[in-house]
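Commentary on secondary and tertiary structure
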Amino acid sequence: MTVATSRHDAPAPAEPAGVDNRLVVGGTALTWRSLPTPSLPDPAAVLARSAVHALSAARQHAVHGTELLLSTASRVDAALRTELLEAGFTVGVLDDDGVHPSPPARPRTAEPGRLWLLTSGSTGRPKRVGHTLDTLTTVRVDQPGRTWLCPYAPGTYAWWQVVTLSLTQPGQHLVVVEPDELDDWPGVAAAHGVDAASGTPTFWRRTLYRDAEALARVPLRQITLGGEPVDQAILDQLREVFPAARVSWIYASSEVGASIVVHDGRAGFPVDWLDRDTPGRPTLSVDDDELVVTSPYHGAGLAGPVRTGDRVQVLDGRVLITGRLDSDEINVGGSKVSAGVVRGVLAGHPAVAWARVTGRRAPVLGRMVVAEVVLAPADSGVPDEAALVRWCADRLPEHAVPRRIRVLTDIPVKETLKSDV
């Protein structure tokens, strides 16, 4: 038997500190307070139909602590949906009419305050990582007032980073762009006073490639990059367009949270940050060319050192993150080549807007280095394949020089705003 509790007897749920921050979604100005509050099952795997539905679910969790996994339908295939149902989640699409639930065969007791993230799937199918609002909220000191652009897919770690900032700190407003607005986001941002934006290097490269002039009209004071290897070329390009802005890059993941933040305009982080033990901050180390992180913001069950799967290289006093261990290293006739290092050299060419480097099977050598590039618009002509090979040959050992370079017409991007690099 369920006993109803009088509304007068129950204490009012606490609203998050940023409840009156402005939200702009689909061109409409709202606040967190004015969002509809959906009635969610508990635990719930919510597939948000749109950005406003995702934000509504986030506020509902912040107020009520409903155990929640938040995503978009496109990131949850039939196999993952079945897996979530077997794990005791009610899986439902959230739209203007509320949640359309599919209940699990074996319901379970919810874990209050638990948030679940799906990893990006870069190492295979997405997996669940448990967090709370506290472990996702990594900006804990007062910030200057900002209007942030949020271009990320709902429920991703990067999305939660921006959302928790707005939920927990007054004066942190959000302008959210839907996937079909991404190519025109500078116009949306300029119209709504965006002065801070977070995106992947691919997101920034695509914007510079498609309309650098429109980007320059956005009054950005804070530019943040993360989610992919950050090379010197993209940092320099953003600094050229926004000489007065602070350009930061962040290393973060669903497993270990935000672990590295760099503001000095240089790729990588100082080598003396390795093995530095500072209370309340992540500890960074390198083991067999792999970045290892021990973080207070780790996901559930991931206390202690976590092997990230990311390959690093120490060069000129900096620790550079070059790519995933399982894909970054190319063995060319017994010599190791970092795809990330070659990619950085190509991206440093003034006519290259984007590059991807991989290995291809080859006789005798076993593998050879090949690349794809997107060339930036140029009035003075564009380099041919031979010119790009010469550029690499002047900067790389002979075995690392790409033997084939294919030109693409546009920068590829996934829903996570990443390329396969």
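Looking at the sheet that holds strand β16 (residues 283–287)
Here we have five strands laid out as an open sheet, ordered β15-β19-β18-β17-β16, and antiparallel in their pairing. The sheet terminates laterally at β15 (269–270) and β16, the two strands that pair on one side only. Direction of pairing for strand β17 (residues 290–294) relative to strand β18 (residues 306–315): antiparallel, over a ladder of three bridges. Paired with V293 across the two strands is V306, which belongs to β18.

Observations concerning the environment of S56
Here S56 shows up in helix α1 (residues 51–64). Through-space distance from the C-alpha of S56 to that of V373 is 40 Å; in sequence the pair is 317 residues apart. Leave out the neighbours within four places in its chain, and S56 touches L35, P36 and P38. A distance of 3.3 Å separates the side chain of S56 from the backbone oxygen of P36, its partner in a polar contact.

Quick word on the pattern of salt bridges
Under the defined criterion, the tally for this structure stands at 20 salt bridges. Linking D183 and R206 is a salt bridge whose minimum nitrogen-to-oxygen distance equals 2.9 Å. Of this pair, D183 sits in the loop between β10 (172–176) and α5 (185–191) while R206 sits in helix α6 (residues 201–216), and the two are 23 residues apart along the sequence. Accessibility expressed as a relative area gives 40% for D183, which makes it partly exposed. What makes R206 buried here is its relative accessible area of 13%. Notably, a salt bridge pairs R210 with D183, separated by 3.4 Å at the nearest N-O pair.

Things to note about the layout of surface pockets
Each pocket or cavity is described by its volume, and for the second largest pocket that value is around 700 Å³. Within the residue set of the lining of the second largest pocket, elements represented by two or more residues are α7 (232–241), β18, β19 (318–324), β21 (335–338) and α9 (339–347). Tallying contributions element by element places α9 first for the lining of the second largest pocket, with six residues. Taken together, the residues that form the lining of the second largest pocket break down as 18 nonpolar, nine polar and eight charged.

Things to note about the sheet that holds β10
Strand order in the open sheet formed by eight strands is β2-β1-β10-β9-β11-β12-β13-β14, and the pairing between neighbours is mixed. Two strands bound the open sheet, and with one partner strand each, they are β2 (28–31) and β14 (257–262). Sheet twist, expressed as the average angle between the axes of neighbouring strands with direction ignored, equals 25°. Bridge count between strand β1 (residues 22–25) and β2: four bridges; the pairing is antiparallel. Bridging from a neighbouring strand, V25 pairs with T28 of β2. Along the sheet, α1 makes contact with β1, β2 and β10, crossing β1 at roughly 150°.

Digging into the nonpolar core
Of all hydrophobic cores here, the largest spans 75 residues; its most connected members are W159, W204, L225 and W249. Considering each element in turn, this core owes the most residues, eight residues, to helix α4 (residues 157–168). When neighbours within four sequence positions are excluded, W204 is seen to be in contact with W185, A197, G199, L215, L220, I223, T224, L225, I234 and L238. Counting residues in each nonpolar core, the second largest holds 21 residues, with I330, V337, V352 and L396 among its members.

Quick look at the pairing of strand β11 (residues 196–199)
Where burial is concerned, the two faces of β11 agree: the one with A196 and S198 and the one with A197 and G199 are both buried. Relative to β11, strand β9 (residues 146–150) is paired through two bridges, and the arrangement is parallel. By the bridge assignment, L149 is partnered in β11 with A197. Pairing analysis gives four bridges linking β11 to strand β12 (residues 222–226), with the strands arranged parallel.

Describing the confidence of the model for the protein chain
Residue-level pLDDT values for the protein chain average 91, and 95% of them are 70 or greater. Every residue in residues 1–9 is under pLDDT 50, and counting partners more than four places away or in other chains gives one contact.

With respect to unusual backbone geometry
Leave glycine aside and you will find that most residues have negative phi; peptide bonds, for their part, are mostly trans. Here D42 and P43 are connected by a cis peptide whose omega angle stands at 5°. A positive phi angle, close to 70°, is found at D289, a residue other than glycine. Relative to the assigned elements, D289 resides in the loop between β16 and β17.

As for the environment of R390
In this structure, R390 sits in helix α10 (residues 385–393). Here the alpha-carbon distance between R390 and V401, two residues eleven residues apart in the chain, equals 8.6 Å.

Quick word on the packing of aromatic side chains
Applying the stated rule across the entire model yields six aromatic pairs. For the ring pair W185 and F203, a centre distance of 5.1 Å and an interplane angle of 20° mean the geometry is stacked. Taken as a pair, W185 in helix α5 and F203 in helix α6 lie far apart in primary sequence, 18 residues in all. One exposure class covers both W185 and F203, and it is buried. Here F203 and W204 contribute two aromatic rings whose centre-to-centre distance is 5.2 Å and whose plane-to-plane angle is 80°, an arrangement assigned as edge-to-face. Using a relative accessible area of 0% as the deciding quantity, one classes W204 as buried. An aromatic cluster of three or more residues is present, and its members are W185, F203 and W204. Above the plane of the ring of W116 lies R114, whose end atom (NZ or CZ) is 5.9 Å from the centre. One residue, R128, lies across the ring of W116, its end atom 5.6 Å from the ring centre.

Conventions adopted
- Residues numbered from 1 in each chain as written.
- Predicted model: local features only at pLDDT ≥ 70, side-chain atom pairs only at ≥ 80, totals over all residues.
- Heavy atoms only, no water.
- Pairing = 2+ DSSP bridges.
- Helix = DSSP H or I, 4+ residues; strand = E, 2+ residues; numbered from the N terminus.
- Contact = heavy atoms within 4.5 Å.
- Polar contact = N/O pair within 3.5 Å; in protein donor to acceptor, adjacent residues only side chain to side chain.
- Salt bridge = Lys/Arg side-chain N within 4 Å of Asp/Glu carboxyl O.
- Buried < 20%, exposed > 50% of the residue type's maximum accessible area, 1.4 Å probe, protein only.
- 1 Å grid on protein atoms, 1.4 Å probe; cavity = no way out; pocket = protein on both sides within 12 Å on 5 of 7 lines; lining within 4 Å.
- Points joined across faces, edges and corners; volume = space filled by probe spheres on them.
- Nonpolar A, V, L, I, M, F, W, Y, C, P; charged D, E, K, R; others polar.
- Axes fitted to C-alpha atoms, helices over the stretch in contact; angles between N-to-C directions.
- Core = buried A, V, L, I, M, F, W, Y, C linked by side-chain atoms within 4.5 Å.
- pLDDT = per-residue confidence, 0-100.
- Phe/Tyr/Trp six-rings, centres within 6.5 Å; stacked < 30°, edge-to-face > 60°.
- Lys NZ or Arg CZ within 6 Å of the ring centre and 35° of its normal.

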